[in-house]
Amino acid sequence: MHKLYQVAKRTFHEEKLVFFGVSILTFYFLVGLLAPLLTHFGPTEIDFEHFLSAPDSSHLLGTDGNGMDILSRTIYAIRVDLLVSVVSVSIAVAIGIIIGCISGYFGGTIDTALMRLLDIFQSFPTFILALSIAAILGPGILNLIIVIAIVNAPAYARLVRSEVKSIVIQGYVDSARLSGIKHVKILIAHILPNSLLPVRIIAPLNCGWAILTLAGLSFLGLGVPIPEAEWGSMIGAGSNDVVSGVWWTSVVPGVALVACIFGFTILGEGFQERQRKK
Amino acid sequence: MLVGVVTFTFLLVRILPGDPVGTLLGPNSSAQDRIDLTARLGLDRPIYVQFLNFVVDLFHGDFGKSIQTGRPVVEELGAIFPATLELIIISLFLALIVGVMLGLTSALREKKLSDRLIRLTTLVGNSMPEFWMGLILILIFYGWLGIVPAPSGRLDTGITVTNITGMEFVDSILTFNKTAFISSGRHLFLPALTIVFVISAPIIRSIRASALEVIASDSYIAAKAHGLGGLALIRKYLIRNSLISLPTLSAIIFGFMLGSIVLVETVFAWQGFGQWALKGLSLRDYPVIQLTVMTVAFFYIIAFFIADVVHSILDPRINI
């Protein structure tokens, strides 16, 4: 515990961005984890006496048009949004590493073929690609994870590939190869550990974008289906209320959404800064 | 490149579950009706025959007819695309001005209060979903203050403008139509503000980073040491060298906006390209989806071409 405090103190002084980023995300993680203890209502529980009621003592942040408690839904949504973003980015990283390693290590025809394939994927703006794949797969959390993983994987593949390419030509890789070690083992033991630095910097930023994509798709009705609590679909459901001045249905989930992405953004920014200082 | 995109899209739309015939006829249609319509649309033929027909038509400049409306998709695109292009280009133009000014200010006052404030705004802008930003602006400017028109469409009802370019705001200037100019300007204000806020962030970041590099460079220090100061220093040394990364960045942002404009359009009921494409996608309107992807890919290429040209003007060392 004391050691943790020391690390936190040093980070606070030397790397404020990383410190605040980690703090925000830890806060979200804990609130999401403890959601049942922090809320009086379930995320899809309907209060038949309060439809679209303004914040008061029974519903601290009001209810939506279906009589569901905004605060509870916003808190429960943390689970969905964090889960989808972290899992999908992890899958994207894994796919990217596999493709990048194969492409960068073996080179030649395999490399060219894989890169042309990525070209096609990357010639679509990411959101259009996400929209199309989401339309193919249909709504649902698992499908969203797949969509966001597919959309983000090509960038990691390229990143890993270029790193691997610069490592493959090093002497120690040649000597490993000459001493008869298998390709897979060379990749895992000698090349991979040295090629992951840029991935570590980009991944947190990417988790923020993943939530943006998720919320955007849900906002358009192609993401997490209602009544499941998710920030984007909550904003979508509340979007018609703003013209009549009803703010709580869309402002509350939106603030939670922006603050969460902000946490990922400054964490990524902090990592980049650390890299520049080196 | 374009060939790969076209082929990929063609195959992609055909593996979409759900078919256009089903969405057109509705759930109560008879099996015979479905078979007839499928045959009439040519969708009963093998995929490779459909693909060959599609490619041959493409070379004749025929992009097909919308399955839903029966009108040629090019005609539909021509009616709605200018409005979207206008929104994106005006926003990009404003964002470039704002971004360059704030980015330079931030770099020149590094680590001072204004720099910190600008950087914080940039980080918030990076984290801001455009659709939520739009809703907040509607809430403030329409819901509470009531100083802008309701977020529905591009002109107030009853106001028309002679169609020259299809871009209402530009047309109203070209025809000196004052009422239409004010009306479309008021409708344009919030969506443009939304986009400007979101896309200024990467521009400010990029300008700030390259300006800091210039400030630390030998030539800049030498110029400053020779007593060059004030505007001449900023204009001749700082701005010109800081702008080099801007054309490519603008092209990337343009492509990004074209892809996600549907979010802003949905919030403001803009009735443009994004909403048209989304409708085509959800109704499985194959020709609409194909033309959408081709349009996006085409404008992507054009944007990068323009960026390359501007880049070579800014930086004479580059040849294209």
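Residues numbered from 1 in each chain as written. Chains lettered and ligands numbered in written order. Predicted model: local features only at pLDDT ≥ 70, side-chain atom pairs only at ≥ 80, totals over all residues.

(A) Fine view of the overall build of chain B. Scanning chain B from terminus to terminus reveals 14 helices and zero strands. When the helices and strands of chain B are listed from N to C terminus, the series reads α-α-α-α-α-α-α-α-α-α-α-α-α-α. Projected onto its principal axes, the C-alpha positions of chain B cover 85 × 50 × 40 Å. When the 320 residues of chain B are sorted by exposure, 38% land in the buried category. Put simply, 72% of the contacts in chain B that link residues at least 6 apart link residues at least 24 apart. (Helix = DSSP H or I, 4+ residues; strand = E, 2+ residues; numbered from the N terminus. Buried ≥ 20, exposed ≤ 12 C-beta atoms within 10 Å, placed from the backbone. Contact = placed C-beta atoms within 7 Å.)

(B) Seen up close, the overall build of chain A. A count of helices and strands for chain A gives twelve helices and zero strands. Taken from N to C terminus, the helices and strands of chain A fall in the order α-α-α-α-α-α-α-α-α-α-α-α. If you line up chain A on its principal axes, its C-alpha atoms span 75 × 50 × 25 Å. Taking all 278 residues of chain A together, the buried fraction comes to 46%.

(C) Inspection of the interface of chain A and chain B at higher detail. Of the residues lining the interface, 35 residues belong to chain A; the matching set on chain B comes to 41 residues. Sorting the residues of the side of chain A that touches chain B by element identifies helix 5 (108-122), helix 6 (126-137), helix 10 (197-219) and helix 12 (248-277) of chain A as the ones contributing at least two each. The greatest single-element share of the side of chain A that touches chain B, amounting to ten residues, is contributed by helix 12 of chain A. When the residues that make up the side of chain A that touches chain B are grouped by side-chain class, the tally is 22 nonpolar, eleven polar and two charged. (Nonpolar A, V, L, I, M, F, W, Y, C, P; charged D, E, K, R; others polar.)

(D) Local environment of the packing of helix 6 of chain A against helix 7 (residues 141-168) of chain A. Residues and elements named next belong to chain A. Where helix 6 contacts helix 7, the two axes come as close as 9 Å, and the packing angle between them is 145°. Remark: the crossing between helix 6 and helix 7 carries right-handed chirality. From helix 6, Thr126, Leu129, Ala130, Ile133, Ala134 and Leu137 reach across to helix 7, where they touch Asn143, Leu144, Ile146, Val147, Ile148, Ile150 and Val151. Residues that form the contact of helix 6 with helix 7 fall into these classes: eleven nonpolar, two polar and no charged. (Axes fitted to C-alpha atoms, helices over the stretch in contact; angles between N-to-C directions. Left-handed = near helix turned anticlockwise from the far one by under 90°.)

(E) Summary view of the packing of helix 4 (residues 70-106) of chain A against helix 7 of chain A. Residues and elements named next belong to chain A. Running from N to C, helix 4 and helix 7 cross one another at 35°; their axes reach a closest spacing of 5 Å. In this structure, helix 4 meets helix 7 at a crossing whose hand is right-handed. Of the residues assigned to the contact of helix 4 with helix 7, the class counts are 24 nonpolar, six polar and two charged.

(F) Representation of unusual backbone geometry in the model. All names here are of chain B. In this model, Lys111 sits at a positive phi of 70°, which is unusual for a non-glycine residue. The residue Lys111 is located in the loop between helix 5 (73-108) and helix 6 (113-126) in this model. A positive phi angle is found at Phe176, which is not glycine, with a value near 50°. Mapped onto the fold, Phe176 is located in the loop between helix 8 (168-174) and helix 9 (178-215).

(G) A look at helix 3 (residues 31-40) of chain B. Counting buried positions along helix 3 of chain B gives zero out of ten residues, so the element sits mostly on the surface. One or two positions beyond helix 3 of chain B, positive phi appears at Gly42(B), with a value near 75°.

(H) How the structure looks around the environment of Gly99(B). Residues and elements named next belong to chain B. As for its placement among the helices and strands, Gly99 is situated in helix 5. Here Gly99 falls in the buried class, since 27 other C-beta atoms lie within 10 Å of it. If sequence neighbours within four positions are ignored, Gly99 has contacts with Ser200, Ile203, Ile204 and Ile207.

(I) Highlighting helix 9 (residues 183-195) of chain A. All names here are of chain A. At Ala189, helix 9 is deflected by roughly 30°, the largest bend along its length, and proline Pro193 occurs up to four residues later in sequence. Among all positions of helix 9, only Leu187, Ile191 and Ser195 are buried. Here the buried face of helix 9 lies against helix 4, helix 7 and helix 8 (171-178). (Bend = angle between axes of the 7 residues up to and from the residue.)

(J) The arrangement of the nonpolar core in detail. In this structure, Ala130(A), Leu131(A), Leu144(A), Ile148(A), Ile211(A), Leu257(A) and Ile199(B) are the most contacted members of the largest nonpolar core, which totals 143 residues. Ranked by the residues each element gives to this core, the list is headed by helix 4 of chain A, at 16 residues. Leaving out residues up to four positions away in the same chain, Ala130(A) has contacts with Val147(A), Ile148(A), Val151(A), Thr213(A) and Leu217(A). (Core = buried A, V, L, I, M, F, W, Y, C linked by C-beta atoms within 7 Å.)

(K) Broad picture of the environment of Ile78(A). Residue and element names in this part refer to chain A. Inspection of the secondary structure puts Ile78 in helix 4. Measuring from C-alpha to C-alpha, the distance between Ile78 and Gly96 comes to 26 Å, with 18 residues separating the pair along the chain. In this structure Ile78 touches Tyr28, Val31 and Gly32, once residues within four positions along its chain are discounted.

(L) Representation of the confidence of the model for chain A in the model. Model confidence for chain A is summarised by a mean pLDDT of 86, while 100% of its residues fall at 70 or above. Per-residue pLDDT, averaged within each element of chain A, yields its smallest value for helix 1 (residues 2-14) of chain A (78) and its largest for helix 4 of chain A (92). (pLDDT = per-residue confidence, 0-100.)

(M) Inspection of the environment of Lys178(B) at higher detail. Along the chain, Lys178(B) falls in helix 9. Classification of Lys178(B) by C-beta neighbours within 10 Å gives exposed; the count is 10.

(N) Seen up close, the confidence of the model for chain B. Residues and elements named next belong to chain B. On average, residues of chain B carry a pLDDT of 83, and 96% of them reach 70 or more. The secondary-structure element of chain B with the lowest mean pLDDT is helix 2 (residues 20-25), recorded at 70, while helix 5 shows the highest, at 91. Scored by ipTM, the complex comes to 0.86, with pTM at 0.86.

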